[in-house]
Amino acid sequence: NERNAFWVFAAIMAAGMGFHAVFLNVVPLAAMLCTLLLHVFFSEKQVEESFRRQQENQRLRTEIMHSQIQPHFLYNSLGAIAELCDTDPQKAKSATLQFSRYFQGFMESINTQETIPFEQELAQSQRYLELEQLRYEDALRVEYQIDCLDFSIPPMCLQPLVENAIRHGIRRNPGGRGTITLTAAERSDCYE
């Protein structure tokens, strides 16, 4: 495309110079036409490139979101719910609804490109933790020290931290026991 634009530019300039001998002031008109054509060409190219980058960013975002939901988490959660069906049907029903809410929140996060209220992200992480507590029972304790909720964060940024704390912290503790503490506080220049 760039080569074609160059040859169109060169052809118009050459034609303008050729007609210059016959008609005066054709060269400035030809130069102006070439400049206009190049501007249109490069504007279209920038729009196409911007659109391509947006599509690529959306594809990468979707891949990242999909990588956040680990298959072992799904299998383990559904396995824990299946066990509850035999031992505690009411708790199994509650866990199934919790799993449904978690998965719905996850799917909504995939399609969100803006920041979301921290409260919404916290609720999603709480649903995740409640499902994990089905598996770990008393081995996993969760504490909340939330002093503020009035700020926004990117979707799916809290849960990976919680998941890593379980996978790389609690599971590696002797006895596989531990406490996850989620805190949120407002500082003078940021939220922590």
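Before any of the text, the structure's been laid out above.
In this text, all values refer to a predicted model and were calculated from it rather than measured experimentally.

**Structural notes on the packing of helix 5 (residues 118–136) against helix 6 (residues 159–170)**
Between helix 5 and helix 6, whose axes approach to 9 Å, the crossing angle comes to 25 degrees. By the criterion of interaxial angle, the relationship of helix 5 to helix 6 is roughly parallel. When you trace helix 5 past helix 6, the crossing you get is right-handed. On helix 6, the residues that touch Glu121, Gln124, Ser125, Tyr128, Leu129, Glu132 and Tyr136 of helix 5 are Gln159, Val162, Glu163 and Ile166. Looking at the contact of helix 5 with helix 6, its residues break down into five nonpolar, three polar and three charged.

**Considerations on the packing of helix 4 (residues 89–110) against helix 5**
Running from N to C, helix 4 and helix 5 cross one another at 140 degrees; their axes reach a closest spacing of 9 Å. Classed by the angle they form, the pair helix 4 and helix 5 counts as oblique. Viewed along their axes, helix 4 and helix 5 form a crossing whose handedness is left-handed. On the side of helix 4, the interface is formed by Lys91, Ala95, Gln98, Phe99, Arg101, Tyr102, Gly105 and Phe106, while helix 5 contributes Gln124, Gln126, Arg127, Tyr128, Glu130, Leu131 and Leu134. Across the contact of helix 4 with helix 5, the residue classes tally to seven nonpolar, four polar and four charged.

**What about the layout of surface pockets?**
It is a probe the size of a water molecule, rolled over the atoms, that shows where empty space is left. Approximately 330 Å³ is the volume found for the largest pocket. Residue lining of the largest pocket: 15 residues in total, with Leu84, Lys91, Gln133, Leu134 and Arg135 positioned closest to the centre. When the residues that make up the lining of the largest pocket are grouped by side-chain class, the tally is five nonpolar, five polar and five charged.

**Looking at helix 5**
Compared with the 27 Å implied by 1.5 Å per residue over 19 residues, the 26 Å span of helix 5 between its first and last C-alpha is a close match. When we look at burial in helix 5, the residues that qualify are Phe118, Glu121, Leu122, Gln124, Ser125, Arg127, Tyr128, Leu129, Leu131, Glu132, Leu134 and Tyr136. Just beyond helix 5, the residue with positive phi is glutamate 137, at close to 50 degrees.

So, how was this worked out
- Residues numbered from 1 in each chain as written.
- Predicted model: local features only at pLDDT ≥ 70, side-chain atom pairs only at ≥ 80, totals over all residues.
- Heavy atoms only, no water.
- Axes fitted to C-alpha atoms, helices over the stretch in contact; angles between N-to-C directions.
- Helix = DSSP H or I, 4+ residues; strand = E, 2+ residues; numbered from the N terminus.
- Parallel < 35°, antiparallel > 145°, perpendicular 65-115°, else oblique.
- Left-handed = near helix turned anticlockwise from the far one by under 90°.
- Contact = heavy atoms within 4.5 Å.
- Nonpolar A, V, L, I, M, F, W, Y, C, P; charged D, E, K, R; others polar.
- 1 Å grid on protein atoms, 1.4 Å probe; cavity = no way out; pocket = protein on both sides within 12 Å on 5 of 7 lines; lining within 4 Å.
- Points joined across faces, edges and corners; volume = space filled by probe spheres on them.
- Expected span 1.5 Å × (residues − 1).
- Buried < 20%, exposed > 50% of the residue type's maximum accessible area, 1.4 Å probe, protein only.

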